[in-house]
Structure formats: structure tokens, C-alpha cells
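Residue-level structure breakdown
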Amino acid sequence: MAAYIDLRSDTVTRPSEEMRLAMYRAEVGDDVYGEDPTVNALEELAAEKLNSEFALFVSSGTQSNLLALMSHCRRGEEYIVGQDAHTYKYEAGGAAVLGSIQPQPVDFEEDGTLDLKKVEEVIKPDDFHFAQARLLCLENTKSGKVLPMEYLKQASDFVAEKNLNLHLDGARIFNAAVELNVDVSRISTFFDSVSVCLSKGLGAPVGSVLCGNRDFIRSALKWRKMLGGGMRQAGILAAAGIFALENNVNRLAEDHENAEILAGGLSRIDGITVEDGKARTNMVFISVDPAVSADLTDYLKERGILISPRPVIRLVTHLNVSREDIHKVVEAFEHYFSRK
Ligand SMILES: *Cc1c(COP(=O)(O)O)cnc(C)c1O
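Residues numbered from 1 in each chain as written. Predicted model: local features only at pLDDT ≥ 70, side-chain atom pairs only at ≥ 80, totals over all residues. Heavy atoms only, no water.

Attention now moves to the overall build of the chain. Helix and strand content of the chain: 14 helices and 12 strands. Computed over C-alpha atoms, the radius of gyration of the chain comes to 21 Å, within 12% of the 20 Å expected from 2.2 N^0.38 for 340 residues, which places it in the range of a compact globule. Taken along the three principal axes of its C-alpha coordinates, the chain extends 65 × 50 × 35 Å. Within the chain, counting contacts between residues at least 6 apart in sequence, those at least 24 apart form 75% of the total. Accessible surface computed for the chain: about 15800 Å², of which carbon and sulfur atoms make up 47%. Averaging the coordinates of the 37 positive side-chain charges in the chain and doing the same for the 51 negative ones gives two points 3 Å apart. (Helix = DSSP H or I, 4+ residues; strand = E, 2+ residues; numbered from the N terminus. Rg over C-alpha atoms; globule rule 2.2 N^0.38 Å. Contact = heavy atoms within 4.5 Å. Areas by Shrake-Rupley, 256 points an atom, 1.4 Å probe, with all protein chains shown as cover. Lys, Arg positive; Asp, Glu negative; His and termini not counted. Charge placed at Lys NZ, Arg CZ, Asp CG, Glu CD.)

Encoded structure:
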């Protein structure tokens, strides 16, 4: 296969030779019996890193968030979530369909936070007319934006006062930690549960981990079984997750630097507007005049570069995109817009 420079997402990362060797060598057992030593090791490692009591290895971020929602909320209860949050908009309505949990969306603020005053306004009185809110769900990073640490503290104080739980869809929590140059546990500490994707910038082929306390994880384990997510010799996959957590966290800084260089290069091109004028962690959002750039996607593809055609184009850097690739991408955009 031709090696494309694939900027569509950081989910396209492929396991490296060393990661594959770790998978090949993994000791395995039946994880439904709790006997896969590699899965157990990954869960211990994740729990330790996020400073949570327990962690559970799951098939995807979508499953992880669903298990969290179903563990925090019962049938007929409510969770408060951002209007275009992944858990609400991009997970096929799983919480409603499979959990009978009602979402209460609230618009995101510009910085990726949810305004806690607006959240307060949608919490309904304790009255039989209303679904009772049990959970506030945040996302970090949100479209590449890192939530401010002071906000996390405020949100955590807020939920304590309102008697809600706080879940983080931390698909890219390590990008947030690396960007802030803080230990990831400084972020996770504010939450009752955190879901982390191993299969994005961290470079594992499959899997997420869900972190929380003993009772929470016990509940999540039961829902995981019910949803068909109990895997057997999953240590083959967990080995990739361990490799990712041990080797691919600090290097996220390179992805952020590459995104910054990409944003800088693209912002100098007439016809491209870079949102915020800069990168957000490993993402750059650009808008281009659709009338001018109808064949942009095809033009780039012919030059070995993949992007998703959208009104606002999201370009994502990751471990299979090098500094040299970034220069090639900027050049290709320059050529394209200089012909116009
Ligand atoms: C990718 C992603 C998920 C879940 O992803 P899966 O593809 O199901 O692993 C959840 N939340 C956010 C913010 C994501 O970007």
C-alpha cells in the first residue's frame, strides 16, 4: 500500500514493529475469568497512571463511555453533556438506546468547557415530572482544546455541591497532559471516572481503558459482559496498550509541534483560514472557500495526502506523520492555492 500522509484522524496510526513484537510475546489467559496476565497488567498500569482505584480494558472509547454512563445513571435518569460531545452526538445514541438514559445537552463554550451556570439551569427539581440528573460529562481535549485546570476544579466543586458524578471522556487526556506539561493524574483526579483511548495518538491498534473506583468498575464489568465486550485472550491487544502507555505518551509533544508548524505554514497561504490562527494540541482546523477548493481533497490524494472533505477541515497529526511530511503537506497546499 502506498504510504499516505494521513491527516484525517489519529485513529489511523498503525502499530510499530516493536509494538507488534510486544503483542507477539504477550502472555495470555482467559480475561473473562480474570486470568489474562497482560490485561491485568495493563489495567494496573492505567489505574496507577491515572491514580484511580481500578481500570478496565475495553474494546473502544464508545464502549468505555457507554459503560460509564450506564454505571453512573440508571434507567430514566439523566446525564448532562455538551451539545456536540462525542458521547452524545457520535456514539449512535447508545446511552438512550441501550441505557434508557436521557441526555440533557448544553452548548459548549468557545474554550471547550460547559458553562456551569448553564449546567445548573438544566438540572431539574426533584419532582416526579422530571428525569433526575446523575452525571456531568466533560471532554478533554475537546476538538483539540485543553480544558483549563481551574475549570476542572470548579466543575469538581460544582458536582459535589449538586450531588452529581463527573465523567471525563478523556479519549485524548494524554494530549491534554502533555500540552500542559502536567502528570495525567493531575487531570484525572477531578473525575469519578475517566475513559482513555489507547487507539488514537498513543498508537495501539485497539482498545480503551475506563478508570474509576471499585464499585464503579464492578458495575462497568457487568455491563461490558452484557454488551458482548468480554474478550478472552485479550492480552494480545493489551500488550499494545502497555507498550503505548510506556513509550508513546511523551512523544505526543512532537505531534503538537508538528501541528503548530502545519498551522503556521497554512496560515500564510491566501485562501486558507486557520481557526484560532494556531494549532490545538494535535489538531489544526482550517476553512477554505468551498467554491475554490472543490477538488482539494482529490488534488491532495494524488500527492499522497489524505484529508476529510468537510466545511471546516480537521487536520490531525500523529506518530505516522513526520516533520518532513508536514513540510510536504504545506507545500502541496501552497501549490494548490497558487494555481487559483
Ligand atoms: C474517538 C473518540 C471516542 C471514542 O472512540 P472509539 O472510536 O469508539 O474508540 C470518544 N470520545 C472522543 C472525544 C473521541 O475522539
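Next up on the list: the packing of helix α2 (residues 37-49) against helix α11 (residues 235-247). Put simply, α2 and α11 touch, their axes get as near as 8 Å, and they point 30° apart. In this view, α2 runs roughly parallel relative to α11, as classed from their interaxial angle. Here α2 runs over α11; the crossing is left-handed. For the pair formed by α2 and α11, the contact residues are T38, V39, A41, L42, L45, A46 and K49 on the first element and G235, A238, A239, G241, I242, L245 and E246 on the second. When its residues are assigned to classes, the contact of α2 with α11 shows 9 nonpolar, 3 polar and 2 charged. (Axes fitted to C-alpha atoms, helices over the stretch in contact; angles between N-to-C directions. Parallel < 35°, antiparallel > 145°, perpendicular 65-115°, else oblique. Left-handed = near helix turned anticlockwise from the far one by under 90°. Nonpolar A, V, L, I, M, F, W, Y, C, P; charged D, E, K, R; others polar.)

This part takes up the sheet that holds strand β10 (residues 283-288). To summarise the sheet geometry, strands pair through backbone hydrogen bonds and adopt either a parallel or an antiparallel arrangement. A sheet is described by the order of its strands in space; here 3 strands give the open sequence β9-β10-β12, paired in antiparallel fashion. The open sheet has two edge strands, β9 (272-274) and β12 (312-316), and neither has a second partner. Averaged over all adjacent pairs, the angle separating strand axes in this sheet is 30°, with direction ignored. Pairing of β10 with β12, which is carried by 5 bridges, proceeds in the antiparallel orientation. The residue of β12 that forms the bridge with V284 is L315. Of the strands in this sheet, β9, β10 and β12 touch helix α12 (residues 252-267), which is tilted by about 20° from β10. (Pairing = 2+ DSSP bridges.)

A few words now on helix α3 (residues 61-72). For α3, which comprises 12 residues, the first-to-last C-alpha distance of 16 Å matches the rise-based estimate of 16 Å (1.5 Å per residue) to within 8%. Counting buried positions along α3 yields 10 of 12 residues, so the element is predominantly enclosed. Buried within α3 we find G61, Q63, S64, N65, L66, L67, A68, L69, M70 and H72. (Expected span 1.5 Å × (residues − 1). Buried < 20%, exposed > 50% of the residue type's maximum accessible area, 1.4 Å probe, protein only.)

Turning next to the side chain of T113. Turning to its location among the elements, T113 is positioned in the loop between β4 (102-106) and α6 (116-122). By relative accessible area, T113 is classed as buried at 5%. Here the side chain of T113 touches D111 through a polar contact of 2.6 Å, side chain to side chain. Those residues within four positions of T113 in sequence are excluded, and the remaining contacts are F108, L147, P148 and Y151. (Polar contact = N/O pair within 3.5 Å; in protein donor to acceptor, adjacent residues only side chain to side chain.)

Once that is clear, we can look at the nonpolar core. Side chains of nonpolar character tend, in soluble globular proteins, to be buried together. Counting residues in hydrophobic clusters, the biggest one holds 68 residues, and the most contacted among them are Y79, L136, L138, I173, F174, I187 and F191. If you tally residues by element for this core, the top one is α11, at 7 residues. For L136, the residues in contact, after removing those within four places along its chain, are I80, L114, L116, V119, F158, V159, L164, N165, L166 and H167. By size, the runner-up hydrophobic cluster in this structure holds 28 residues, among which are A279, Y299, I305 and L315. (Core = buried A, V, L, I, M, F, W, Y, C linked by side-chain atoms within 4.5 Å.)

Another aspect to go through is the sheet that holds strand β5 (residues 133-139). The 7 strands are arranged β2-β8-β7-β6-β5-β3-β4 in an open sheet whose pairing can be described as mixed. Unpaired on one side and paired on the other, β2 (54-58) and β4 mark the two borders of the sheet. Shown here is a sheet whose adjacent strand axes are inclined to one another by a mean of 20°, direction ignored. Note that strand β7 (residues 193-197) and strand β8 (residues 208-212) share 5 bridges and pair antiparallel. Looking at β8, one finds that S193 is bridged to G212.

Right, let's talk about the packing of helix α8 (residues 173-180) against α12 for a bit. Across the interface, α8 lies against α12 with an axial gap of 9 Å and an inter-helix angle of 80°. In terms of orientation, α8 and α12 fall into the roughly perpendicular class. Facing F174, N175, V178 and E179 of α8, the residues of α12 in contact are L252, A253 and H256. Each residue belonging to the contact of α8 with α12 can be placed in one class, and the counts come to 4 nonpolar, 2 polar and 1 charged.

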